[in-house]
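Coordinate analysis (summary)
Read off the chains here:
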Amino acid sequence: MKYSKIIGTGGYLPEKVLTNYDLEKIVDTSHQWIVERTGIHQRHIAASNESSLTMAEEAARVAMAAANISSADIGMIIIATTTPEKIFPSTACLLQQRLGIAGCPAFDLNSTACAGFVYALSIADQFIRQGAVNNALVIGSEVMSRVVDWSDRAVSILFGDGAGAVLLGASDEPGILSTHLHADGTHKDVLFLQNALGKPTGLETELYMQMNGKQLFKLSVNILGQLFDETLAANHLQKSDVDWLVPHQANIRIIEGMAKKLDLPMERVAITLDEQGNTSAASIPLALDKAIRDQRIKRGDMLMLEGFGGGLAWGSALIKY
Ligand code: ACO
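Residues numbered from 1 in each chain as written. Predicted model: local features only at pLDDT ≥ 70, side-chain atom pairs only at ≥ 80, totals over all residues. Heavy atoms only, no water.

1. What about the sheet that holds strand S11 (residues 244-247)?
- Strand order in the open sheet formed by four strands is S8-S13-S12-S11, with mixed pairing between adjacent strands. Edge strands, defined here as strands with exactly one partner in the open sheet, are strand S8 (176-183) and S11. The mean inter-strand angle of the sheet, taken between neighbouring strand axes irrespective of direction, is 15°.
- The pairing of strand S12 (residues 302-309) with strand S13 (residues 313-320) spans eight bridges and is antiparallel. Counterpart to glutamate 306 in the pairing with S13 is serine 316.
- Strands in contact with helix H8 (residues 252-261) are S11 and S12; relative to S11, the strand with the most contacts, it is inclined by about 150°. (Pairing = 2+ DSSP bridges. Helix = DSSP H or I, 4+ residues; strand = E, 2+ residues; numbered from the N terminus. Axes fitted to C-alpha atoms, helices over the stretch in contact; angles between N-to-C directions. Contact = heavy atoms within 4.5 Å.)

This is the structure in structure tokens:
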């Protein structure tokens, strides 16, 4: 039986940094409020010539270099993004063209928001396990700065831009042990981003992200706790078998709660939230890449990845790195 193994990771962050102090000049907020309520100190903002495509390409090339494989070896590209370059062709097809590897399947996962990366990882894992694909490029790339209303202090302080990439390769050694995906459309109004296509004629519809933060906070704490139990039970493992939590970076208080649930000290949690904010589908691969690059996460470590976002959609992956 084949496993999918992480053979390379990469990340890209735009050069421009927007601090909480910069935000104080735009909306009625304070550095102290943002840090206390969210854990965020700053976020990166894409330049006008950057997009989910350009950032995905940067992250992909770093991951390919880390894995020491050329684009010709890639058999599948999935990009998780709620902020695609175009509705179609997919950002993945546009990246495929840039990498010069016409022929392999390439598609975006658009609507799973911050759960998108775990969903994409799960799909790529199925193809590798089946033996249909040898190497798959799985990317989360987002320009959240273009879908937030910068006058809305409840939302604008949370998000940032960036891309993270993971290269999966077929292996006889255990890698991704299991993935667990869920969704519950009854919570469709807790977090959503309307697009112009769904706009009823003649009605004023808000085209920026809308969020009920308080409700989302409560929902996420409940569903993620159950998700950990489900993931560990499926693998007949205990909390003590998990070396690292690599969470979606939405709020430090949610992440601390999840670390506690797994009995993990915060030193065993991959955090980028303070420097990057919430980069939606990019947040998990960016956090993973950082902890691998600075050698905190080592080969053989057991990783719990979890994501949740609009839908609601949520999911986990348990990985022997
Ligand atoms: N600066 C200062 N005050 C603010 C700000 C701000 N930026 N935003 C809200 N406030 C005020 C509110 O108006 C309110 O004032 P009031 O008491 O006078 O009415 C007060 O602060 C408290 O507001 P709450 O919304 O109750 O604050 P809360 O503690 O819930 O924190 C937050 C808000 C940070 C959004 C939190 O609810 C949260 O993180 N929720 C989860 C969000 C999340 O996970 N989002 C992403 C998941 S999906 C995805 O990533 C796409």
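2. Brief notes about the nonpolar core
- Counting residues in hydrophobic clusters, the biggest one holds 41 residues, and the most contacted among them are Phe159, Met209, Leu224, Leu245, Leu262, Met304 and Phe308.
- Counting residues per element, the ones that place at least two in this core are helix H7 (213-234), H8, S12 and S13.
- Of all the elements, H7 adds the most residues to this core, at seven residues.
- The residues that make up this core include at least three from each of domain 1 (3-172) and domain 2 (177-320).
- If near-sequence neighbours (up to four positions away) are discounted, leucine 245 is found in contact with Phe228, Ile255, Met258, Ala259, Leu262, Leu264, Arg268, Val269, Ala270, Met304 and Glu306. (Core = buried A, V, L, I, M, F, W, Y, C linked by side-chain atoms within 4.5 Å. Buried < 20%, exposed > 50% of the residue type's maximum accessible area, 1.4 Å probe, protein only. Domains from an automatic or database assignment.)

3. Focus: the domain arrangement of the chain
- Domain annotation for the chain reports domain 1 (3-172) and domain 2 (177-320).
- Of note, the centres of domain 1 and domain 2, computed from C-alpha atoms alone, are 14 Å apart.
- Our count for the domain 1 to domain 2 interface comes out at zero salt bridges.
- The tally of links between domain 1 and domain 2 comes to 20 residue pairs in polar contact (both at pLDDT 80 or more).
- Listed by contribution, the elements that provide at least two residues to the side of domain 1 that touches domain 2 are strand S1 (3-12), helix H2 (31-38), strand S3 (42-45), helix H3 (52-67), helix H5 (116-130), strand S6 (135-143), helix H6 (153-156) and strand S7 (161-171). (Salt bridge = Lys/Arg side-chain N within 4 Å of Asp/Glu carboxyl O. Polar contact = N/O pair within 3.5 Å; in protein donor to acceptor, adjacent residues only side chain to side chain.)

4. What to know about the packing of aromatic side chains
- What the rule picks out here adds up to zero aromatic pairs.
- Of note, arginine 299 hangs over the ring of tyrosine 321, and the distance from its end group to the ring centre comes to 3.8 Å. (Phe/Tyr/Trp six-rings, centres within 6.5 Å; stacked < 30°, edge-to-face > 60°. Lys NZ or Arg CZ within 6 Å of the ring centre and 35° of its normal.)

5. So, the packing of H7 against H8
- Interhelical geometry of H7 versus H8 gives an angle of 25° and a closest axis separation of 10 Å. When the interaxial angle is binned, H7 and H8 end up roughly parallel. Pair H7 / H8 crosses with right-handed handedness. The segment H7 lies against H8, with Phe217, Ser220, Val221, Leu224, Gly225, Phe228 and Asp229 engaging Arg253, Ile254, Met258 and Lys261.
- A class-by-class count of the residues in the contact of H7 with H8 yields six nonpolar, two polar and three charged. (Parallel < 35°, antiparallel > 145°, perpendicular 65-115°, else oblique. Left-handed = near helix turned anticlockwise from the far one by under 90°. Nonpolar A, V, L, I, M, F, W, Y, C, P; charged D, E, K, R; others polar.)

6. What to know about the environment of leucine 193
- Mapped onto the fold, leucine 193 is located in the loop between strand S9 (191-192) and strand S10 (210-211).
- Judged by its relative accessible area of 34%, leucine 193 is partly exposed.
- Distance in space between the C-alpha atoms of leucine 193 and alanine 113 is 9.6 Å, their sequence separation being 80 residues.
- Beyond its immediate sequence surroundings of up to four residues, leucine 193 is in contact with Thr82, Val147, Leu207, Tyr208 and Met209.

7. A short note on the sheet that holds S1
- Taking strand neighbours across the sheet as the criterion, the five strands line up as S1-S7-S6-S4-S5 in an open arrangement whose pairing is mixed. Of all the strands in the sheet, the pair left with one neighbour each is S1 and strand S5 (106-109). Within the sheet, the average angular offset between the axes of one strand and its neighbour, ignoring direction, is 20°.
- Looking at chain direction, S1 and S7 are connected through nine bridges and run antiparallel. Paired with tyrosine 3 across the strands is serine 171, a residue of S7.
- Taken strand by strand, H3 contacts S1, strand S4 (76-80), S6 and S7, and its axis lies near 125° from that of S1.

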